[in-house]
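# Examination of the molecular architecture
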Amino acid sequence: MTVFKFSLKRSFSNKTNLLLLTLFPIAFIFFPEGEYWPVLPYGYQYFGIVLLFISIRLTTIILVDRAKGVVKRLAVAPISYGSYLCQNLLAFSVILVMQCAIVVYGGVLLGVELYQPHWLMLLYVSFSFTSLAIALAWISIFRSKESAFLIYMSLVTLLAILGGLLMPLQIFPEALIRIAVLFPTYWLNQGMSWIASEGSVGDFILINGVLWLYTIIFMILGSTRKIH
Amino acid sequence: MTIASMRGVVKRYGSYVALDSIDLDIHAGEIIGLLGPNGAGKTTLIGTLTGMRPFDHGTVELFGQSKHPFSHENKEKIGLVTQEITIFEELTAKENLQFFAGVYGLKGEVRKQKVREVLEFVGLSDQANKLPTKFSGGMKRRLNIACALTHSPSFLIMDEPTVGIDPQSRNYILEGVKRLRDRGTTILYTTHYIEEIEAIASRVIIMDQGQIIKEGTPADLIQTIQHEEKVSFEVTDPERIPEGSLEKIAGVRRVLTAGNDITVISDAGSGNLDRMLSIIKEHTGVLGIQTERPNLEDVFFTLTGRQLRDKGEEQ
Ligand SMILES: Nc1ncnc2c1ncn2[C@@H]1O[C@H](COP(=O)(O)OP(=O)(O)OP(=O)(O)O)[C@@H](O)[C@H]1O
Ligand SMILES: [Mg+2]
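In this text, all values refer to a predicted model and were calculated from it rather than measured experimentally. (Residues numbered from 1 in each chain as written. Chains lettered and ligands numbered in written order. Predicted model: local features only at pLDDT ≥ 70, side-chain atom pairs only at ≥ 80, totals over all residues. Heavy atoms only, no water.)

So, on to the overall build of chain B. Tallying secondary structure elements over chain B gives ten helices and 13 strands in all. Here chain B, with 315 residues, has 52% of them falling under the buried criterion. The long-range share in chain B, meaning contacts at least 24 apart out of those at least 6 apart in sequence, stands at 69%. Roughly 14200 Å² of accessible area belongs to chain B as shown, and the carbon and sulfur atoms make up 47% of that amount. One way to put it: in chain B the 37 positive side-chain charges average out to a point 6 Å from where the 44 negative ones average out. (Helix = DSSP H or I, 4+ residues; strand = E, 2+ residues; numbered from the N terminus. Buried < 20%, exposed > 50% of the residue type's maximum accessible area, 1.4 Å probe, protein only. Contact = heavy atoms within 4.5 Å. Areas by Shrake-Rupley, 256 points an atom, 1.4 Å probe, with all protein chains shown as cover. Lys, Arg positive; Asp, Glu negative; His and termini not counted. Charge placed at Lys NZ, Arg CZ, Asp CG, Glu CD.)

Here we take up the packing of helix H6 (residues 117-139) of chain A against helix H9 (residues 184-197) of chain A. All names here are of chain A. Where H6 contacts H9, the two axes come as close as 10 Å, and the packing angle between them is 175°. If you check the angle between H6 and H9, you find them roughly antiparallel. Residue-level inspection shows Trp-119, Leu-120, Leu-123, Tyr-124, Phe-127, Thr-130 and Ile-134 of H6 in contact with H9, the latter providing Pro-184, Thr-185, Leu-188, Gly-191, Met-192, Trp-194 and Ile-195. A per-class count over the contact of H6 with H9 returns eleven nonpolar, three polar and no charged. (Axes fitted to C-alpha atoms, helices over the stretch in contact; angles between N-to-C directions. Parallel < 35°, antiparallel > 145°, perpendicular 65-115°, else oblique. Nonpolar A, V, L, I, M, F, W, Y, C, P; charged D, E, K, R; others polar.)

Here the focus is the packing of helix H1 (residues 2-11) of chain A against helix H3 (residues 93-103) of chain B. It is at 9 Å that the axes of H1(A) and H3(B) come closest, and there the two elements cross at 155°. Taken together, H1(A) and H3(B) sit at an angle that is classed as roughly antiparallel. The residues of H3(B) that touch H1(A), namely those facing Thr2(A), Val3(A), Phe6(A) and Lys9(A), are Glu95(B), Gln98(B), Phe99(B), Gly102(B) and Val103(B).

Here we take up the sheet that holds strand E4 (residues 57-62) of chain B. Residue and element names in this part refer to chain B. Strands sit in the order E2-E1-E4 across an open sheet of three strands; the sheet is antiparallel. This sheet does not close on itself; its edge strands, each paired only once, are strand E2 (16-27) and E4. On average, each strand axis in the sheet is inclined to that of its neighbour by 15°, with strand direction left out of account. (Pairing = 2+ DSSP bridges.)

A separate point is the site of ligand 1. All names here are of chain B. With respect to spatial proximity, 15 residues lie near ligand 1, and among them Asn-38, Lys-42, Thr-43, Thr-44 and Gln-83 are the closest. A distance of 2.9 Å is found between an oxygen atom of ligand 1 and a backbone nitrogen or oxygen belonging to Gly-41. For ligand 1, whose accessible area on its own is 630 Å², the fraction buried by protein is 64%. Sorting the residues of the shell around ligand 1 by element identifies E2 and helix H1 (42-49) as the ones contributing at least two each. In terms of residue count, the dominant contributor to the shell around ligand 1 is H1 (three residues). (Near = heavy atom within 4 Å. Polar contact = N/O pair within 3.5 Å; in protein donor to acceptor, adjacent residues only side chain to side chain.)

Quick look at the sheet that holds strand E5 (residues 78-81) of chain B now. Residue and element names in this part refer to chain B. Reading across from one edge, E5-E6-E7-E3-E8-E9 is the order of the six strands in this open sheet, with mixed pairing throughout. Only two strands of the sheet have a single partner each, and these edge strands are E5 and strand E9 (211-216). Across the sheet, the mean angle separating the axes of adjacent strands is 15° when strand polarity is ignored. Lying on the sheet, helix H6 (residues 167-182) is in contact with strand E3 (31-35), strand E6 (155-159) and strand E7 (186-191); it crosses E7 at an angle near 155°.

Taken together, the side chains of Leu19(A), Leu23(A), Ile26(A), Phe30(A), Leu109(A) and Leu110(A) define a hydrophobic patch exposed on the protein surface, amounting to about 670 Å² of accessible area. With respect to the secondary-structure elements, Leu109(A) resides in helix H5 (residues 81-109). (Patch = residues over 30% accessible without salt bridge, like charges linked within 9 Å, V, L, I, M, F, W, Y side chains within 5 Å. Salt bridge = Lys/Arg side-chain N within 4 Å of Asp/Glu carboxyl O.)

Here we come to the coordination of the magnesium ion (ligand 2). Residues and elements named next belong to chain B. For the magnesium ion (ligand 2), the protein coordination sphere consists of Thr-43 (OG1) and Gln-83 (OE1), at 1.9 to 2.2 Å. On the criterion of sequence distance, the pair formed by Thr-43 in helix H1 and Gln-83 in the loop between E5 and H3 is long-range, its members being 40 residues apart. Given the relative accessible area of 27%, Thr-43 is considered partly exposed. Using a relative accessible area of 25% as the deciding quantity, one classes Gln-83 as partly exposed. (Donors = N, O, S within 2.8 Å, 3.2 Å for Na, K, Ca; no water.)

The structure is reproduced here in structure tokens:
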């Protein structure tokens, strides 16, 4: 588990990341509630964007390793590429799940109305994995971390808007709303509405199922690309 | 004992043939100097030998195994110093070594001990807890080397480990290589610095354009061109000497012009110095004449008609 251990260490190695991974999510607990929209406080409505953002920060480690030839060097060592990838992803997952827990249970502790916090935790965890998979697929097509990051952020903004995370979907034209179904962010949004509305468990499973489907697709895309 | 061998290995990049039917044997305890100009295929050869790059034809055998030469068991015996510096910038020197030691399965006290030993070996003990971003080029190189040593490989492959570093660091590295050999490590050492090869190699392999064009001990290789003489003229304007006029002189094998220097290689004892000088003087001024003992550089030159390194390339 050397790669896992050092992946954690590397993730927390610079000050920006340290701040991003600790104080930043905590701040989201204190965002106010909206009057009509969103159903959860703003911080929780936007938290999906945070997960997407943190995912790319984390997976950049793999991008750097590829670009610098570390991955190639490891090809000579007695460790498979699959194991290298899994251990990194495991480390990132641990970090992301921790973020989710901080935000959800921190909120509970401070008395934020989250309706069904355990289900919300589950939803966030599902979406964390989707984010991680998207980020992994994304970095596999770039060589420079700067350009990967910049273009990704524009993509995330688009995903956030079209999925209905940034503003209510109802204000969009009918055609756009229909397309929105294609974005993972839409399903996160649906999940959050479910949390506040107490729908059937079947619906919630379906919502998470869609997120997991995206996770699997992007994981496959992201992990088949090996070495530059 | 044969540590590694390649038979008829061919590697193509698209239609470009980077390795053209390579045959190679490496025996226990050798320091092999792999010599060749930029783009000769040295790194590609190392890549195919270590399983890093797939190849199109031929076989590779490592530690007597040709069916699964790149098994984890075999990989544990190999150390690779990459041509590029492949270390983690955000981890300290010590942590970098802990990482690589860990990947090779070292744990606990053994790992601690090994990391300390290797830091000592490359002279970075004082810098153990510093980040490589604070290092000079030579220090990074040394750390890059150290990362290949924590697991005490019996076969060490070094791909241009001394490129772009100061003479002091270079000597340190060369001394280290010799010490490793004395401990029984087999070493494949790649470079385009002749002096390094002459200093440490027990056998030299010269590569050019994807082929091995010559191999033998340094002394043997130089012997093969002892029947040649090399004379260099420094002239005021080499352009003014008509093309091919020197080549026509009896006994002349090759002529090379670089800047104001004209180097002529002739058969030994052809006694044509006078003739050369008069032709040159007929067209331009002569500033100096030098005769040199042939070295490995000349072996390469005689074989290919080209210089191993561009004149003026920084040491
Ligand atoms: N991934 C690649 N794709 C296409 N061509 C490549 C690739 N890697 C190397 N080559 C080509 O193969 C040839 C041999 O390259 P290689 O890196 O093995 O040379 P080298 O002897 O190590 O050179 P140097 O001294 O510059 O390191 C070069 O012409 C190079 O352009
Ligand atoms: Mg090379």
